[in-house]
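What follows is the residue order along each chain.
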Amino acid sequence: MRISITAIEQQEKNIIVICDLGIGMLKGIWKGKNLPVLNASYYVEFTLDDINYKHVKILPKSQEDISVTIKNNTIFFAGICEDYDGEVYYIRFEDDWLEMLCIEEDSQTVHVDDNILFWIDYHQVLIFPYDMPKKIVN
């Protein structure tokens, strides 16, 4: 997944970034070895920790809006359930973004192709940048 950094702030020992995902905005804790650079683009992976089943809603099929939005310190994720293996939900946001989620104490049934909305505090969003391998040209 490729992001663009739109804001950076320091909170205690954490670097907090706000980034543009193309499908919305995300706020989370930067976990890179190097400090992020404002307006720079990065390839990243996300870890979304401890999703509470009370913060998961199945959306009607008419609301097929894939998006990520920030409201205060809460991040709202709307995606499509692509698969479930009995433990992990596979939620699709983009062609290059499939999030694997464990939802604690899941009391509702989420089915493949369901549109779901879930929300977490930005402290539960960890952002890990990585370098793309260079292509070998012969």
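Here the structure is shown first, and the text comes after it.
These lines cover the structure that appears in this document, whether it is placed above or below. None of these values were measured; they are calculated from a predicted model. (Residues numbered from 1 in each chain as written. Predicted model: local features only at pLDDT ≥ 70, side-chain atom pairs only at ≥ 80, totals over all residues. Heavy atoms only, no water.)

## Topic: the overall build of the chain
The cut-off we apply is this: Numbering of helices and strands runs from the N terminus; a helix is a DSSP stretch of H or I covering at least four residues, while a strand is a stretch of E covering at least two. The globule rule is 2.2 Å times the number of residues to the power 0.38, and the radius of gyration it is compared with is taken over C-alpha atoms. Buried, partly exposed and exposed residues are distinguished by accessible area as a fraction of the type maximum, computed with a 1.4 Å probe on protein chains only: under 20%, between the cut-offs, and over 50%, respectively. Throughout, a residue-residue contact means that at least one pair of heavy atoms, one from each residue, lies within 4.5 Å. Accessible surface area values rest on a Shrake-Rupley calculation with a 1.4 Å probe, where residue burial reflects the displayed protein chains alone. In this tally, Lys and Arg are treated as positive and Asp and Glu as negative; His is ignored, and so are the chain termini. Lysine's charge is taken at NZ, arginine's at CZ, aspartate's at CG and glutamate's at CD.
A count of helices and strands for the chain gives zero helices and 13 strands. Tracing the chain from N to C terminus, the helices and strands come up as β-β-β-β-β-β-β-β-β-β-β-β-β. Rg of the C-alpha trace for the chain: 16 Å, near the compact-globule value of 14 Å for 138 residues, within the 12% margin. Summarising its shape, the C-alpha atoms of the chain cover approximately 45 × 40 × 25 Å along the three principal directions. Put simply, the chain has 138 residues, and 37% of those count as buried. By sequence separation, contacts in the chain at least 24 residues apart represent 65% of the contacts at least 6 residues apart. A total of about 8500 Å² of accessible surface is found on the chain, and carbon and sulfur atoms cover 49% of it. Taking the 12 positively charged and 23 negatively charged side chains of the chain as two groups, their mean positions are separated by 7 Å.

## Remarks on the nonpolar core
Put simply, the test is: Among buried residues, the Ala, Val, Leu, Ile, Met, Phe, Trp, Tyr and Cys ones that are joined through side-chain atoms within 4.5 Å form a nonpolar core.
Judged by nonpolar contacts, the single largest core of 37 residues is most densely connected at Ile3, Leu21, Leu26, Phe46, Phe77 and Ile127. Dropping the residues within four chain positions of it, leucine 26 is found in contact with Val17, Ile18, Cys19, Leu21, Phe46, Val68, Ile70, Ile75, Phe77, Val125 and Ile127.

## Quick look at the pairing of strand 4 (residues 41–48)
The condition that has to hold: Strand pairing is assigned whenever DSSP identifies at least 2 bridges connecting the two strands.
Covered by surrounding structure in strand 4 are Tyr42, Val44, Phe46 and Leu48 only, the residues Ser41, Tyr43, Glu45 and Thr47 on the alternate face being uncovered. Strand direction decides the pairing type here: strand 4 and strand 13 (residues 125–130), joined by six bridges, are antiparallel. If you follow glutamate 45 over to strand 13, its bridge partner there is phenylalanine 128.

## As for the sheet that holds strand 13
Applied cut-off: For helices, the fitted line uses only the C-alpha atoms of the stretch in contact; every axis is such a line through C-alpha atoms, and the angle between N-to-C directions lies from 0 to 180 degrees.
Read around the closed barrel, five strands run 1-2-3-13-4, paired in mixed fashion. Within this sheet the neighbouring strands show an average axis-to-axis angle of 50 degrees, counted without direction. With five bridges connecting them, strand 2 (residues 14–20) and strand 3 (residues 25–30) associate as antiparallel partners. Bridge pairing links aspartate 20 to methionine 25 in strand 3.

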